[in-house]
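Next come the chains, spelled out residue by residue.
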Amino acid sequence: VLRAYGENLLQFKSAYLYIINIGSGDPSTYSIVAAHRYYGCEDENHVVETPIGIVWANKSSVYLFDGDPDNIVDLFKYSPKDELGDTQKGVTGEDRTTRKISISEWESFFSANLLVGFDPGSRVVIFKKSSLSGNYDTGDCYVYNIDNDTWTFAKRKWGSQIISTNFVTDLNNSAINIVQTAM
């Protein structure tokens, strides 16, 4: 998977993210400026561009590249300024002080068929559990608000017997996808 952002080209492999500086426009001067192990992703539907940078998901977490090759932001981790609320879905024990969504909760949600999309109108990133029909929870999703750094979980937002396409932005600046319901 390849995505460009600013003067950088992000090359995603399954286990690695390579960041290549292409700012000169001359391929003979392109260079790898950073390589990040465990920050890769497996499918182009796991990556989306937003106004604050490139957001992607893998089986460990959700990340943001904001233009700084040395600072990949884990969007599940609290920043020092965050205050811990009393209720967080699935976050207990050690994760309670460091993560907004627990490792085990995300691992049970994540799949190779995950769809990631950006809705410019509401400025949220949508993580739909699966593009395929099947289990009762394939229509579940997480929603990340880029303006206030918050996560919301929606149970069965899409029906379970629905096959859907990737997200696209329509003329009204909304994220949409085409669905096929079971006959």
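Only a predicted model underlies this, so the values are computations on that prediction, with no experimental measurement involved.

How do you make sense of the overall build of the protein when you look at a structure like this?
Within the protein, the secondary structure is distributed over one helix and 16 strands. Carbon together with sulfur atoms contributes 49% to the accessible area of the protein, which is approximately 9,900 Å² in total.

Just to check I follow, could you spell out the nonpolar core for this structure?
One recurring pattern in soluble globular proteins is that nonpolar side chains are buried together. Core analysis: the biggest nonpolar cluster contains 20 residues, and Val62, Trp106, Val125, Phe127 and Trp151 have the highest contact counts within it. At the level of secondary structure, the elements contributing two or more residues to this core comprise β6 (53-57), β7 (62-65), α1 (103-109), β9 (115-119), β10 (124-128) and β11 (141-145). With near-sequence residues (within four places) excluded, Val125 lies in contact with Val48, Thr50, Val55, Val116, Gly117, Phe118, Tyr142, Val143, Tyr144 and Ile146. Judged by nonpolar contacts, the second largest core, of 13 residues, contains Tyr5, Leu17, Ile19 and Ala34.

Explain the sheet that holds β6 here, please?
Picture the strands of a sheet paired through backbone hydrogen bonds; they go either parallel or antiparallel. Pairing within the open sheet is antiparallel, and its four strands lie in the order β5-β6-β7-β8. Strands with a single pairing partner mark the edges of an open sheet, and in this sheet they are β5 (47-50) and β8 (73-74). Summarising the sheet, β5 and β6 pair through four bridges and their orientation is antiparallel. Bridging across to β6, Thr50 finds its partner in Gly53.

Can you walk me through the pattern of salt bridges in this structure?
Proximity of charged atoms lets side chains of opposite charge pair with each other. Taken as a whole, this structure holds two salt bridges when the rule is applied. Of the charged contacts in the structure, one is a salt bridge between Lys100 and Asp149, with a shortest N-O distance of 2.7 Å. Within this pair, whereas Lys100 is found in the loop between β8 and α1, its partner Asp149 is found in the loop between β11 and β12 (150-154), the two being separated by 49 residues in sequence. By relative accessible area, Asp149 is classed as partly exposed at 22%. Residue Arg123 is joined to Asp147 by a salt bridge in which the shortest nitrogen-to-oxygen separation is 2.8 Å. In this pair, Arg123 is assigned in the loop between β9 and β10 and Asp147 in the loop between β11 and β12, connecting sequence segments 24 residues apart. Arg123 sits in the partly exposed class, given a relative accessible area of 28%.

Can you walk me through the packing of aromatic side chains in this structure?
Two numbers describe a pair of aromatic rings. These are the distance of the centres and the angle of the planes. Tallying each qualifying case throughout the model produces 16 aromatic pairs. Ring geometry for Phe76 versus Trp106: centroids 5.0 Å apart, planes at 70°, classification edge-to-face. Taken together, the residues span a long stretch of sequence, with Phe76 in the loop between β8 and α1 and Trp106 in helix α1 at a distance of 30 residues. An angle of 40° between the planes, with centres 5.4 Å apart, marks the rings of Phe127 and Trp151 as tilted. Highlighted residues: Phe127 in strand β10 and Trp151 in strand β12, separated in sequence by 24 residues. Both residues of the pair, Phe127 and Trp151, count as buried. Cluster of aromatic residues (ring-pair linked, three or more members): Phe76, Trp106, Phe109, Phe110, Phe127, Tyr142, Tyr144, Trp151 and Phe153.

Calculation criteria
- Residues numbered from 1 in each chain as written.
- Predicted model: local features only at pLDDT ≥ 70, side-chain atom pairs only at ≥ 80, totals over all residues.
- Heavy atoms only, no water.
- Helix = DSSP H or I, 4+ residues; strand = E, 2+ residues; numbered from the N terminus.
- Areas by Shrake-Rupley, 256 points an atom, 1.4 Å probe, with all protein chains shown as cover.
- Core = buried A, V, L, I, M, F, W, Y, C linked by side-chain atoms within 4.5 Å.
- Buried < 20%, exposed > 50% of the residue type's maximum accessible area, 1.4 Å probe, protein only.
- Contact = heavy atoms within 4.5 Å.
- Pairing = 2+ DSSP bridges.
- Salt bridge = Lys/Arg side-chain N within 4 Å of Asp/Glu carboxyl O.
- Phe/Tyr/Trp six-rings, centres within 6.5 Å; stacked < 30°, edge-to-face > 60°.

Worth remembering: the numbers are spatial, not functional.
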